[in-house]
Each structure stands twice: as structure tokens, then as C-alpha cells.
Amino acid sequence: MGTRVNDCHIYEGSGDELAEQMDPESRIILLPDAPTVQRDPDPVERIRIMWGQRLIDDLICGRYRALICAVNAEDNSHGIINTLAEKLPTSQWNEGSITDYAGHFVQPHHVTVVKYDMDRVKVLALLRPAQHPHLTPEDLAE
């Protein structure tokens, strides 16, 4: 196996040695988040799937230029798009306008992609079909 990172341990004691024996192609390694001062933007463009944690902070700081999320035509007050709109200082969007805009494009049984321009962040929102209580895997496959 390659060089071992001595200052970052995932397991206690001999767990690290056991993990080194696993095939590196068939595993995922989770590492602690780096301090804010060490998280400079990477100049190489990549697609990352984020699950909350630092996503809003990273979007506001300009580390990402685009976001793909879900919206609906009823209530987006608890959605990530609303949180982003509230925190971006130059955004003209709010929960009401996000929801109203989505209402212009909603289809009864089909997902629609709606673009929101939030100044430095472009949002591509998957608009939930009106007749569906939530997005389904079939909706996403469409």
C-alpha cells in the first residue's frame, strides 16, 4: 500500500493497520473536516455531492458556482434554496418568490428543471410534480 498518513487516524490502535490491508479501490475513507483557514477553493472544476454540513458556507464563500436541489410549488420555507437565498447578501429571492416562480412551471406528473439566478450562485432546481407528495426515484430518473 502507499504512504501512510501518520497524523490522521480513522481507527483506534490496530484498526488502522487492518484498514490498510483492505483493497483501496473498494473502500471509502471519511476524514475530519479541515479548519476553515485551510479550505481554499480548488482551481480544478469538479462535481461534488454534498450533504448539508458546509454546503451553505461553501456556496456563500464562492467555492461553488452552481447548486442542484429540489423545490416545490407549495412551500420552500425549510428547503436549502430558501436558506441560500436568505444568506446570500445580493440575492433578490425569498421563500415567497421562489415558490411563486416554481408555480409557473409545475407539471401535474412530470419533474421540471427550474433555474434560479442568485447572483454568484446558479441554482438548478428539480421541481416536484404537483400530484406527488414528494420526489420519488422514478421522478429523479425522468
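Here is what the cut-offs are and how they apply
Along each chain, numbering runs from 1 in the same order as the chain's sequence is written. Note on the predicted model: pLDDT of at least 70 is required for a residue's local features to be given, and 80 or more for side-chain atom pairs to be given and counted; whole-chain, interface and lining totals, by contrast, use all residues. Side-chain numbers come from the whole structure's heavy atoms, not from hydrogens or water. Secondary structure counts use DSSP, requiring at least four H or I residues in a row for a helix and at least two E residues in a row for a strand, with both numbered from the N terminus. Relative accessible area decides the class of each residue, using a 1.4 Å probe on protein chains only: under 20% of the type maximum gives buried, over 50% gives exposed, and in between gives partly exposed. Note on definitions: a residue-residue contact is assigned when non-hydrogen atoms from the two residues lie within 4.5 Å. What makes two strands pair is DSSP finding at least two bridges between them. Every case where a carboxyl oxygen of Asp or Glu lies within 4 Å of a side-chain nitrogen of Lys or Arg is listed as a salt bridge.

(A) Spotlight on unusual backbone geometry. Even without being glycine, Asp119 reaches a positive phi, approximately 60°. Mapped onto the fold, Asp119 is located in the loop between strand 2 (112–118) and strand 3 (121–127).

(B) Examining the side chain of Thr112 more closely. As for its position among the elements, Thr112 is in strand 2. Note on Thr112: relative accessible area 16%, which makes it buried. Setting aside its immediate chain neighbours within four residues, Thr112 contacts Phe105, Gln107, Ala125, Leu126 and Leu127.

(C) Fine view of the pairing of strand 3. Burial along strand 3 is one-sided: Val121, Val123, Ala125 and Leu127 are buried, and none of Lys122, Leu124 and Leu126, which face the opposite way, are. Sheet topology places strand 1 (residues 66–71) next to strand 3; six bridges connect them, and they run parallel. Residue pairing in the sheet places Ala70 in a bridge with Leu126 of strand 3. Across seven bridges, the pairing between strand 2 and strand 3 is antiparallel. Counted as the bridge partner of Lys115 is Leu124 from strand 3. Counting the residues between successive antiparallel strands, the hairpin from strand 2 to strand 3 contains two residues, one of them, Asp119, with a positive phi of roughly 60°.

(D) Looking closely at the pattern of salt bridges. If you walk through the whole model with that rule in mind, you get three salt bridges. For Arg63, the salt bridge is made with Asp58, and the minimal N-O distance between the two is 3.1 Å. Here Arg63 falls in the partly exposed class, since its relative accessible area comes to 24%. Accessibility expressed as a relative area gives 5% for Asp58, which makes it buried. Taking the shortest distance from any N to any O, the salt bridge between Lys122 and Asp117 comes out at 2.9 Å. Residue classification places Lys122 among the partly exposed positions, given a relative accessible area of 32%. Look at Asp117 and you get partly exposed, because its relative accessible area is 35%.

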